[in-house]
Amino acid sequence: MLVKKNLSFYQVLSYTWKIDISMIFFCSLVYVIDQYIFTETVLPIAYPSLMGTAIAFFIGFNNNQAYGRWWEARIIWGGLVNDSRSWARSLIAYSSNQVLAERMIRRHLAFLYTLSTSLRRDEVDTSYAEYLTPFELSSLEPKYNRANQILQHQATDLHELHQSGAIGEFVFANLNTLLQNFCDGMGKSERINNTVYPITYVYFTQLFIWLFIALITMSTSQLIGGLSVVLGWLMGFVFNAIHINGMNLMNPFSDNPSGVPISSITRNIEINLLQMLKSPQIPEPVQVINGEYIM
């Protein structure tokens, strides 16, 4: 997630330099074709104006849907933060078996780390391992959903707390509800992550932008000459920059500066829960990268 209010010129170029070069080359090609092939054709400025209006609505719809996915993902992980604190607080306050309660709190951190790495499709990160016992680690099947397997261990221990009388019926019901909330948060996150944004929206938006760039260059070439290349690039830059911004939000769990900072959220939950357990080793919060964004 970006933490700066403004982007530097270098940052803007880092996002758009490839498309900028392509647009300048494309506008130059269109200008040459218009000047030396379609010498008798004068394209009215009304045509690109109408198309620009239509593209603006199209990009606005795409970006609205992309931001909706991003915001839903942020709400889901905000819920996981609150439920995680409630989970730890209830186990510490109401369980007479504190050894098992602490193990379940630490196992929850393993669940969060496993979920965040799976959403980012990171098979290298094994941060979850330090919060699981050797038996639990050995019981995890690599081909299966590791986060879901960890929830199964949680359900087994929650049942044991209830059966042994370590927690009462009311506390058991509340903790079981929290366990269901964790499963819901996992499922909703996976739904967003695995639902491919319709390719037709992306494809036709890009196609219409390039067609608009060609039309604006052709319609102004007879009036301002070679400056029509600059104008075509400038108008294309505006539409492409807005479109690229929407594409970055489309996959909120992807490993990019515009994504939901699930690594930072997971670390903050870890800090909160370890403080509640009075652990002597509290990790530092995730640091801002290059003073620009946090993952």
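Preceding block: the structure.
Remember, it's a predicted structure, so these values are computed and weren't measured experimentally.

Novice: Describe a nonpolar patch on the surface, and please don't skip the residues or the numbers.
Specialist: A cluster of nonpolar side chains, contributed by Phe 25, Leu 29, Val 32, Ile 33, Tyr 36, Ile 37 and Phe 38, occupies part of the molecular surface with about 750 Å² of accessible area. Of note, Phe 25 is situated in helix H1 (residues 9–36).

Novice: Any details on the nonpolar core? Residues and values, ideally.
Specialist: If you look at the biggest cluster of nonpolar residues, it comprises 52 residues, and the most contacted ones within it are Trp 77, Trp 87, Leu 91, Phe 111, Leu 115, Leu 175 and Phe 182. Counting only elements with at least two residues in this core, the list comes to helix H2 (46–94), helix H3 (98–119), helix H5 (146–164), helix H6 (169–194), helix H8 (227–250) and helix H9 (262–276). For this core, the element with the most residues is H3, which contributes 11 residues. Among all residues touching Phe 182, those that are not within four sequence positions of it are Leu 80, Asp 83, Ser 84, Trp 87, His 108, Phe 111 and Leu 151. Counting residues in hydrophobic clusters, the runner-up holds nine residues, among them Ile 59, Ile 213, Val 229 and Phe 239.

Novice: Explain the packing of H5 against H6 to me, using residue names and the numbers behind them.
Specialist: Contact geometry of H5 with H6 gives a least axis separation of 11 Å together with a crossing angle of 175°. Put simply, H5 runs roughly antiparallel to H6. Only Glu 169, Phe 172, Leu 175, Asn 176, Leu 179, Phe 182, Cys 183 and Met 186 of H6 make contact with H5, whose side of the interface consists of Ala 147, Asn 148, Leu 151, Gln 154, Ala 155, Leu 158, His 159 and His 162.

Novice: Tell me what's going on with the side chain of Ser 279, and back it up with residues and numbers.
Specialist: In this fold, Ser 279 is placed in the segment after H9. Residue classification places Ser 279 among the buried residues on the basis of a relative accessible area of 15%. Apart from the residues within four sequence positions on either side, Ser 279 is in contact with Arg 106 and Leu 274.

Novice: Tell me about unusual backbone geometry, residues and numbers included.
Specialist: With a phi angle near 60°, Lys 278 is a residue other than glycine that sits in the positive phi range. Given the relative accessible area of 72%, Lys 278 is considered exposed.

Novice: Help me get a handle on the pattern of salt bridges, residues and values and all.
Specialist: Pairs can form between side chains of opposite charge whenever their charged atoms are close. As enumerated under the stated definition, the model contains six salt bridges in all. We note a salt bridge from Glu 72 to Arg 191, for which the minimum N-O separation is 2.5 Å. Here Glu 72 is found in helix H2, whereas its partner Arg 191 is found in helix H6, with 119 residues between them in sequence. Take Glu 72: its relative accessible area is 29%, and that puts it in the partly exposed class. Given the relative accessible area of 41%, Arg 191 is considered partly exposed. The salt bridge involving Arg 267 is made with Glu 270; its shortest N-O contact spans 3.3 Å. Of this pair, Arg 267 and Glu 270 both sit in helix H9, three residues apart, which is roughly one turn of the helix.

Novice: Go over the packing of aromatic side chains, please, and point to the residues and values.
Specialist: Here the structure, examined in full by the defined rule, presents 12 aromatic pairs. Taken together, the aromatic side chains of Phe 58, Phe 61, Tyr 201, Tyr 203, Phe 204 and Phe 208 make up a single cluster linked through ring pairs.

Novice: So what's going on with H6? Which residues, and what values?
Specialist: In an α-helix, one turn spans 3.6 residues; hence positions three or four apart end up facing the same way. An ideal rise of 1.5 Å per residue puts 38 Å on 26 residues; H6 measures up with 37 Å between its terminal C-alpha atoms. Listing the buried residues of H6 in full gives Val 171, Phe 172, Leu 175, Leu 178, Leu 179, Phe 182, Gly 185, Met 186, Ser 189, Ile 192 and Asn 193.

Novice: Quick rundown of the environment of Gln 180? Include the residues and the values.
Specialist: When you line up the elements, Gln 180 lands in helix H6. Sequence separation between Gln 180 and Gln 11 is 169 residues; the distance between their C-alpha atoms is 42 Å.

Procedures and definitions
- Residues numbered from 1 in each chain as written.
- Predicted model: local features only at pLDDT ≥ 70, side-chain atom pairs only at ≥ 80, totals over all residues.
- Heavy atoms only, no water.
- Patch = residues over 30% accessible without salt bridge, like charges linked within 9 Å, V, L, I, M, F, W, Y side chains within 5 Å.
- Areas by Shrake-Rupley, 256 points an atom, 1.4 Å probe, with all protein chains shown as cover.
- Salt bridge = Lys/Arg side-chain N within 4 Å of Asp/Glu carboxyl O.
- Helix = DSSP H or I, 4+ residues; strand = E, 2+ residues; numbered from the N terminus.
- Core = buried A, V, L, I, M, F, W, Y, C linked by side-chain atoms within 4.5 Å.
- Buried < 20%, exposed > 50% of the residue type's maximum accessible area, 1.4 Å probe, protein only.
- Contact = heavy atoms within 4.5 Å.
- Axes fitted to C-alpha atoms, helices over the stretch in contact; angles between N-to-C directions.
- Parallel < 35°, antiparallel > 145°, perpendicular 65-115°, else oblique.
- Phe/Tyr/Trp six-rings, centres within 6.5 Å; stacked < 30°, edge-to-face > 60°.
- Expected span 1.5 Å × (residues − 1).

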